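Chain residues, written in single-letter form:
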Amino acid sequence: MEPVVIAVVVAAIVIVFLVASTVRIVPQARRYNIERFGRYRRTLQPGLNLVLPVADRINTKLDVREQVYSSDPRPVITEDNLVVNIDTVLYYQITDPRAAAYEVADYLQAIDQLTVTTLRNVIGSMDLEETLTSREEINSRLRAVLDDATGKWGIRVNRVEIKAIDPPHTIKEAMEKQMRAERDKRAAILHAEGERQAKILTAEGTKQKDILEAQGAQQAMILRADGEAKAVELVFQAVHRNNADPKVLAYKYLETLPHLAGSDNNTFWVIPGELTEAVRTVTRAFGDQSTATPAPAARPENAGPVGAGAASDEARGPALESGSAVLLDAAKAADEAGKEAAAAVNDAKAEAEAAQSTTVSRRA
């Protein structure tokens, strides 16, 4: 009885093992390559799969999702014989699990070596400055080469990015100095442009100020001239309306004579020729007054009749006396008018000299 039980147990264990070996469950985004007696048979898809026990076995398990591979920095020589360290980032995806498993022994190592070789070919045709500024071009050329080479391996390269480009330390210092010089240059240019704009604006402001001041002075002179013209016109109308006597005009002429030298810049004076006429007018005015003032001489009561000769002498006598008095008064008035005019000129001259000396002292 016991040998039968042992045989049944052994048979059950074998059946469980065979069933377990027959069923294969593949997760999502995974691919299993199946070999039958050492030869590729098929690739299992995600889900429940049945295989022959003992005959079929799983050779490789592959992940078909997009993956990222970051390479270590590799030294690369540029066209101008400078060594730079470049590390890249690779985005790839397995499209054919059979080719990825059987066409290349290690597809990651193959991609890494191919990337380094392609980088050396691409960077070797560029100088350092072009290398630092042509990342997009380098990426596109790398992707084209890698995509063409890895297609037969069942791998698609989606993107290739250069993560860092590290030039030598001395080159970094030179580049920093160059950039600092460029920044200083731009700062100096901007500062000069600012000063230029400031000077232009200041000049324009000064110009506008001078123009406005000149216009204001012009308007003031025009208004002042209009006022003086209106004042002269009013005086002229008043003189003609009131029929002023020539004596008044002559007196006003002499009264305004001292103002001829009223300016600070006058150093000599010209006496107009009308001065003598004004003096004569004043003289005649004073002569007329003196002529009208004296009364006729009183005749004595006890004077008797005289002859014709006596009468003529008496008549001639008062006439001569009155004529001589008039001449004396006229000469006296003329002398006084001349003295007043000379005094007025001297006063004006003294005032002008005092004003000129004051101006010189202020300037000094």
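Residues numbered from 1 in each chain as written. Predicted model: local features only at pLDDT ≥ 70, side-chain atom pairs only at ≥ 80, totals over all residues. Heavy atoms only, no water.

Enquirer: Can you help me understand the sheet that holds strand E5 (residues 56-63) in this one?
Expert: One key point about sheets: their strands pair by backbone hydrogen bonds, in either a parallel or an antiparallel sense. As summarised here, the arrangement of the 3 strands in space is E3-E2-E5, forming an open sheet in which the pairing is antiparallel. Every other strand in the sheet has two partners, leaving strand E3 (39-44) and E5 as the edge strands with one partner each. Neighbouring strand axes in the sheet, compared pairwise and without regard to direction, differ in orientation by 25° on average. Across 7 bridges, the pairing between strand E2 (residues 30-36) and E5 is antiparallel. Each bridged residue has a counterpart across the sheet, and for Glu35 the counterpart in E5 is Arg57. (Pairing = 2+ DSSP bridges. Helix = DSSP H or I, 4+ residues; strand = E, 2+ residues; numbered from the N terminus. Axes fitted to C-alpha atoms, helices over the stretch in contact; angles between N-to-C directions.)

Enquirer: So what exactly am I meant to see when it comes to the packing of helix H3 (residues 107-123) against helix H5 (residues 135-150) here?
Expert: Any two packed helices are characterised by the angle at which their axes cross and by the distance between the axes. Direction vectors running N to C along H3 and H5 enclose 140°, while the axes themselves pass 10 Å from each other. Judged by the inter-axis angle, H3 sits oblique to H5. Taken as a pair, H3 and H5 cross one another with a handedness that is right-handed. Of the residues in H5, those touching H3 at Ile111, Leu114, Thr115, Thr118, Leu119, Val122 and Ile123 are Ile138, Arg141, Leu142, Val145, Leu146, Ala149 and Thr150. (Parallel < 35°, antiparallel > 145°, perpendicular 65-115°, else oblique. Left-handed = near helix turned anticlockwise from the far one by under 90°. Contact = heavy atoms within 4.5 Å.)

Enquirer: How should the pairing of strand E8 (residues 83-94) be read in this particular structure?
Expert: Successive residues of a regular strand alternate their side chains across the two faces of the sheet. Direction of pairing for strand E6 (residues 67-70) relative to E8: antiparallel, over a ladder of 4 bridges. Note that in E8 the partner of Gln67 across the bridge is Tyr92. Counting the residues between successive antiparallel strands, the hairpin from strand E7 (residues 74-77) to E8 contains 5 residues, one of them, Asn81, with a positive phi of roughly 60°.

Enquirer: In this structure, what is going on with the nonpolar core? I would like to understand it.
Expert: Counting 28 residues, the largest nonpolar core has Ile86, Leu90, Ile138 and Ile155 as the members making the most contacts within it. The element that contributes the greatest number of residues to this core is H3, accounting for 7 residues. If near-sequence neighbours (up to four positions away) are discounted, Leu90 is found in contact with Gln67, Val68, Tyr69, Ile111, Leu146, Val157, Arg159 and Val160. Within the second largest apolar cluster, 5 residues are counted, among which are Val26, Tyr32, Ile34 and Leu44. (Core = buried A, V, L, I, M, F, W, Y, C linked by side-chain atoms within 4.5 Å. Buried < 20%, exposed > 50% of the residue type's maximum accessible area, 1.4 Å probe, protein only.)

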